[in-house]
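The lines below spell out each chain.
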Amino acid sequence: MGSLDKSVPEKLAPPLDATAEQPPLFDGTTKLYTCYTCPFAQRVWITRNFKGLQDEIKLVPLILQNRPAWYPEKVYPPNKVSILILTSPLVPSLEHNGKITGESLDLIRYLESNFQGPLFPQVLQDPAKKEFAEELLSYTDKFNGTVFAAFKGDLAKEAGPAFDHLENALHKFDDGPFFLGNEFSLVDIAYIPFVERFSIFLPEVFKYDITAGRQKLAAWIEEVNKIGAYKQTKTDPKELVEFYKKRFLA
């Protein structure tokens, strides 16, 4: 697994606020407009890192709560409201080949198709894994929505089946710890930013351990945490808990 991870250590630039000047637009530089704390943007950030594109795709981090006006006005106008996080529908977006592309699941596929270092080299050769990958990617919004909605209800009863769904999915292939077996893929990338947050917030606030009785899920989290491309993108646990408390429990 480690040999496939092309990420390298990276010094992150400070995020831009409302006072920041706009970087040149369409100057030939491929840019990923992101937020270091947004799980949707984290999906694309992980994909970029894993494929070894840290020199090829420049990160342009934003402070969403105090974002520069030029970003929604000139780069990526908002077109969809996220009811889950409410940090913004604005990130991630990618500036590449004279156009701006958005939506995290679309973007991880875009990086897969348009840049070197595919994440699905063997999976694409297996029709069963390819079909299962599409099923899991289509379930991500339902998974996230179910768990977030449960914050206001009976967490174990309402969110438990969503985590059971992941546990059962991890039993599908027995040739490795990831959703598609022995290869880390876009499916793992789609889920880990949200599972990361739930695994921090739910035990701290609700005393609910998402891995209790779910050995495959626990093993999956452990394996993903060994991947350098992901470890570089992890959010600060204390900041996450405080943000989620204000956002969901205030």
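Structure shown above.
Residues numbered from 1 in each chain as written. Predicted model: local features only at pLDDT ≥ 70, side-chain atom pairs only at ≥ 80, totals over all residues. Heavy atoms only, no water.

Caption draft 1: Here's a closer look at the pattern of salt bridges. With the rule as written, the count across this model stands at nine salt bridges. A salt bridge links E134 to R109, with the shortest nitrogen-to-oxygen separation between them at 2.9 Å. In this pair, E134 is assigned in helix 4 (residues 127-150) and R109 in helix 3 (residues 104-114), connecting sequence segments 25 residues apart. Given the relative accessible area of 39%, E134 is considered partly exposed. With a closest N to O distance of 2.8 Å, D164 and R214 form a salt bridge. Linking D164 in helix 5 (residues 155-169) with R214 in the loop between helix 6 (186-206) and helix 7 (215-224), this pair joins segments that are 50 residues apart in sequence. By relative accessible area, which is 34% here, D164 ends up partly exposed. Judged by relative accessible area, R214 falls into the buried class, the value being 7%. The network of salt bridges with common partners includes D27, K31 and E95. (Salt bridge = Lys/Arg side-chain N within 4 Å of Asp/Glu carboxyl O. Helix = DSSP H or I, 4+ residues; strand = E, 2+ residues; numbered from the N terminus. Buried < 20%, exposed > 50% of the residue type's maximum accessible area, 1.4 Å probe, protein only.)

Caption draft 2: Quick look at helix 4. Look at helix 4: 35 Å from first C-alpha to last across 24 residues, which is about the 34 Å you get at 1.5 Å a residue. Y139 marks the point of greatest bend in helix 4, at about 40°. Taken together, the buried positions of helix 4 are K129, F132, A133, L136, L137, Y139, T140, F143, N144, V147, F148 and A150. Those residues of helix 4 hidden inside the fold are in contact with helix 1 (39-50), helix 3, helix 5, helix 6 and helix 9 (237-249). The backbone nitrogen of A128 has a side-chain oxygen 3.0 Å away, supplied by the residue at the start of helix 4, namely D126. (Expected span 1.5 Å × (residues − 1). Bend = angle between axes of the 7 residues up to and from the residue. Contact = heavy atoms within 4.5 Å. Polar contact = N/O pair within 3.5 Å; in protein donor to acceptor, adjacent residues only side chain to side chain.)

Caption draft 3: Looking closely at the nonpolar core. By size, the foremost hydrophobic cluster in this structure holds 77 residues, and its most contacted members are F143, F151, F163, Y191, L202 and W220. At 11 residues, the largest contribution of residues to this core is made by helix 6. Residue assignment places this core across two domains, with domain 1 (31-114) and domain 2 (121-249) each supplying three or more. In contact with F163, other than residues within four places in its own chain, are F143, V147, F198, L202, Y208, I210, R214 and L217. (Core = buried A, V, L, I, M, F, W, Y, C linked by side-chain atoms within 4.5 Å. Domains from an automatic or database assignment.)

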